[in-house]
Amino acid sequence: MRVEKCWFCSSNIYPGHGITFVRNDATVFRFCRGKCHKNFKMKRNPRKVKWTKAYRKLAGKELAEDATFEMEKRRNRPEKYNRDLVGKTLKAVSKITEIRQKRQDRYYEKRMQKAKKQQLAADKLQLEKEVHLIKAPAGIRVEKEKLKEPVRQVDANADSMSE
């Protein structure tokens, strides 16, 4: 069973699914669904469409370089198979999938640490600007008066020292 990749979004295309488009110069394009085919016909660039794998890798949202991607490459040479080799290969593929998932999770967490700091700063700024929505106006007035009182006392002390 050969699992192809969509030309536009890079998702898997299983046998019996998808659309195949052959251009006049005999170039074959495979699409997973009509959405990808229509975007191709509209001459959209997959690197600029946010939901594609190409965009996510280019924008740094997914791992772009990793040794585990070597397993996904297509190889067009015939191989002799025996049961032991197939069994070992399947075990290796499952281990590689686990390793890749862990690496992607670490990459995501590392990226989100920066975003959490930025979000926290934005939340604090919004809270300072919109504190009137949380507290009653009378409570805000009392706090402002408390802040003004020490300033008045300091001004009074400064005036008495200057005389």
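Residues numbered from 1 in each chain as written. Predicted model: local features only at pLDDT ≥ 70, side-chain atom pairs only at ≥ 80, totals over all residues. Heavy atoms only, no water.

By the naming in an unreviewed UniProt entry, the protein chain is TRASH domain-containing protein, taken from Edaphochlamys debaryana. In the Subcellular location (unreviewed entry) part of its UniProt record, the protein chain is described as follows: "Nucleus". (UniProt positions renumbered as here; feature names shortened; annotations may be inferred.)

A.B. asks: Can you walk me through the pairing of strand S4 (residues 28-31) in this structure?
C.D. replies: Both faces of the sheet carry side chains from a regular strand, because those side chains alternate between them. Of the two faces of S4, the one holding Phe29 and Phe31 is buried and the one holding Val28 and Arg30 is not buried anywhere. The pairing of strand S3 (residues 19-22) with S4 spans four bridges and is classified as antiparallel. Looking at S4, one finds that Val22 is bridged to Val28. Where S3 hands over to S4, the hairpin turn is made up of five residues, of which Ala26 adopts a positive phi near 70°. (Buried < 20%, exposed > 50% of the residue type's maximum accessible area, 1.4 Å probe, protein only. Helix = DSSP H or I, 4+ residues; strand = E, 2+ residues; numbered from the N terminus. Pairing = 2+ DSSP bridges.)

A.B. asks: What exactly am I supposed to notice about the packing of aromatic side chains here?
C.D. replies: The description of an aromatic ring pair uses the distance of the two centres, along with the angle that the planes make with each other. One pass over the structure, following the stated rule, counts seven aromatic pairs. Relative to Phe40, the ring of Phe29 lies with its centre 4.8 Å away and its plane at 40°, an arrangement referred to as tilted. Pair noted here: Phe29 is in strand S4 and Phe40 is in helix H1 (residues 34-41), with a separation of 11 residues, a long-range link. Taking relative accessible area as the criterion, Phe29 reaches 5% and is therefore assigned buried. Assessed through its relative accessible area of 16%, Phe40 is described here as buried. Through a chain of ring-to-ring contacts, three or more aromatic side chains come together here, namely Trp7, Phe21, Phe29, Phe31 and Phe40. (Phe/Tyr/Trp six-rings, centres within 6.5 Å; stacked < 30°, edge-to-face > 60°.)

A.B. asks: Please clarify how the UniProt feature "domain: TRASH" (unreviewed entry) in the protein chain should be interpreted in this entry.
C.D. replies: Here, UniProt's "domain: TRASH" (unreviewed entry) annotation points to residues 6-44. The span residues 6-44 shows a helical share of 21% and a strand share of 26%, and its end C-alpha atoms are spaced 15 Å apart.

A.B. asks: Can you walk me through the pattern of salt bridges in this structure?
C.D. replies: Any two side chains of opposite charge can pair, given that their charged atoms come close. In this structure the tally under the stated criterion is one salt bridge. The shortest N-O distance in the salt bridge between Arg23 and Asp25 comes to 3.4 Å. (Salt bridge = Lys/Arg side-chain N within 4 Å of Asp/Glu carboxyl O.)

A.B. asks: Looking at this structure, I do not really get the state of the cysteines. What am I missing?
C.D. replies: Any covalent bond linking the sulfur atoms of two cysteines counts as a disulfide. Counted by the stated rule, this structure contains zero disulfides. With no disulfide of its own, Cys6 lies 3.7 Å from the sulfur of Cys9, the closest cysteine sulfur. On the basis of relative accessibility, which here comes to 7%, the residue Cys9 falls in the buried class. (Disulfide = S-S within 2.5 Å.)

A.B. asks: Which parts of the structure should I look at to understand H1?
C.D. replies: Residues Cys36, His37, Asn39 and Phe40 constitute the buried set of H1. Down the axis of H1, the buried set is contained in an arc of 165°. They therefore lie on one face. Away from its buried face, by an angle of more than 90 degrees, H1 presents the exposed residues Lys38 and Lys41. (Arc of directions from axis to C-beta.)

A.B. asks: Please explain a nonpolar patch on the surface as it appears in this structure.
C.D. replies: On the surface, Tyr81, Leu85, Val86 and Leu90 cluster together to form a nonpolar patch covering roughly 420 Å² of accessible area. Here Val86 shows up in helix H3 (residues 83-129). (Patch = residues over 30% accessible without salt bridge, like charges linked within 9 Å, V, L, I, M, F, W, Y side chains within 5 Å. Areas by Shrake-Rupley, 256 points an atom, 1.4 Å probe, with all protein chains shown as cover.)

A.B. asks: Can you walk me through the side chain of Thr52 in this structure?
C.D. replies: For Thr52, the location among the structural elements is in the loop between H1 and helix H2 (53-58). Apart from residues no more than four positions distant in its own chain, Thr52 is found in contact with Phe8, Cys9 and Pro46. (Contact = heavy atoms within 4.5 Å.)

A.B. asks: What is the right way to read the confidence of the model for the protein chain from this model?
C.D. replies: Should the pLDDT be low somewhere, the predicted coordinates at that spot are not to be read in detail. Model confidence for the protein chain is summarised by a mean pLDDT of 83, while 82% of its residues fall at 70 or above. Within the protein chain, S4 carries the highest mean pLDDT (96), whereas helix H4 (residues 137-162) carries the lowest (66). (pLDDT = per-residue confidence, 0-100.)

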